[in-house]
Amino acid sequence: MTLTELKIDLASLNSADKAAAIEILLQTLSNGSLGIKKTPGVCGGDACVGNTRIQVWVLVGYRRLGCSDAELFKCYPHLTAADLVNAWAYADAYPEEIEAAIKENEEA
């Protein structure tokens, strides 16, 4: 398969499948990216970056406030570019979950 053919195939995927494709690519590049995890009893079971307690919805919230990826790296220096790619892909794949978490936090 050529890169051009891959681009066409990727463009035809839905958001969840694109997120899965990104995860596969990241794993091959980083020898097992930790991706996004949901652990019962940790941060209310919300989706977090790898083995951290940084919730995806928190990162999405910062982005909505105008924070760039560079600013997020300053706030969370242990995050990698792959971590943010995973977070954005997860948020794109599960927008209802992210919206509900943001709404729940705003109401608290």
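Quick notes on the rules
- Residues numbered from 1 in each chain as written.
- Predicted model: local features only at pLDDT ≥ 70, side-chain atom pairs only at ≥ 80, totals over all residues.
- Heavy atoms only, no water.
- Helix = DSSP H or I, 4+ residues; strand = E, 2+ residues; numbered from the N terminus.
- Expected span 1.5 Å × (residues − 1).
- Buried < 20%, exposed > 50% of the residue type's maximum accessible area, 1.4 Å probe, protein only.
- Patch = residues over 30% accessible without salt bridge, like charges linked within 9 Å, V, L, I, M, F, W, Y side chains within 5 Å.
- Areas by Shrake-Rupley, 256 points an atom, 1.4 Å probe, with all protein chains shown as cover.
- Salt bridge = Lys/Arg side-chain N within 4 Å of Asp/Glu carboxyl O.
- Phe/Tyr/Trp six-rings, centres within 6.5 Å; stacked < 30°, edge-to-face > 60°.
- Lys NZ or Arg CZ within 6 Å of the ring centre and 35° of its normal.
- Core = buried A, V, L, I, M, F, W, Y, C linked by side-chain atoms within 4.5 Å.
- Contact = heavy atoms within 4.5 Å.
- Polar contact = N/O pair within 3.5 Å; in protein donor to acceptor, adjacent residues only side chain to side chain.
- Axes fitted to C-alpha atoms, helices over the stretch in contact; angles between N-to-C directions.
- Parallel < 35°, antiparallel > 145°, perpendicular 65-115°, else oblique.
- Nonpolar A, V, L, I, M, F, W, Y, C, P; charged D, E, K, R; others polar.

### Description of helix H5 (residues 81–93)
Since one α-helical turn is 3.6 residues long, residues separated by three or four positions face the same way. The end-to-end C-alpha separation of H5 is 18 Å, in line with the 18 Å expected for 13 residues at 1.5 Å each. Among all positions of H5, only Asp 83, Leu 84, Asn 86, Ala 87, Trp 88, Ala 89, Tyr 90, Ala 91 and Ala 93 are buried.

### Observations regarding a nonpolar patch on the surface
The grouping of Met 1, Leu 3 and Leu 6 at the surface amounts to a nonpolar patch, some 340 Å² of accessible area in total. Here Leu 6 is to be found in helix H1 (residues 3–11).

### Notes on the packing of aromatic side chains
What describes a pair of aromatic rings is the distance from one ring centre to the other and the angle between the planes of the rings. One pass over the structure, following the stated rule, counts 2 aromatic pairs. Each ring, one from Tyr 90 and one from Tyr 94, has its centre 4.6 Å from the other, and the planes form 40 degrees; the classification is tilted. Judged by relative accessible area, which is 12%, Tyr 90 ranks as buried. Here Arg 63 stacks its cationic end above the ring of Trp 88, 3.8 Å away from the centre of that ring.

### A word on the nonpolar core
Counting 19 residues, the largest nonpolar core has Val 56, Leu 59, Val 60, Tyr 76, Leu 79, Trp 88 and Ile 98 as the members making the most contacts within it. Here Leu 59 is in contact with Val 49, Ile 54, Leu 72, Tyr 76, Leu 79, Leu 84, Ala 87 and Trp 88, once residues within four sequence places are set aside.

### Quick word on the pattern of salt bridges
The full count for this structure, using the stated rule, is 3 salt bridges. Ionic pairing is found between Arg 64 and Glu 99, a salt bridge with its closest N-O pair at 2.1 Å. Of the two residues, Arg 64 is situated in helix H3 (residues 56–64) and Glu 99 in helix H6 (residues 95–107); the sequence distance between them amounts to 35 residues.

### Things to note about H3
Listed as buried for H3 are Val 56, Trp 57, Val 58, Leu 59 and Val 60. The secondary structure elements touched by the buried residues of H3 are strand S1 (36–38), strand S2 (47–49), helix H4 (69–75), H5 and H6.

### Concerning the side chain of Gln 55
Here Gln 55 shows up in the loop between S2 and H3. At 3.3 Å, the side chain of Gln 55 and the side chain of Asp 46 are in polar contact.

### Quick notes on the packing of H3 against H5
H5 packs onto H3 with a crossing angle of 90 degrees between their chain directions and a minimal axis gap of 10 Å. Overall, the two elements H3 and H5 adopt an arrangement that is roughly perpendicular. Counting all contacts with H3, which are made through Val 56, Leu 59, Val 60 and Arg 63, the residues of H5 involved are Leu 84, Ala 87, Trp 88, Tyr 90 and Ala 91. Residues that form the contact of H3 with H5 fall into these classes: 8 nonpolar, no polar and 1 charged.

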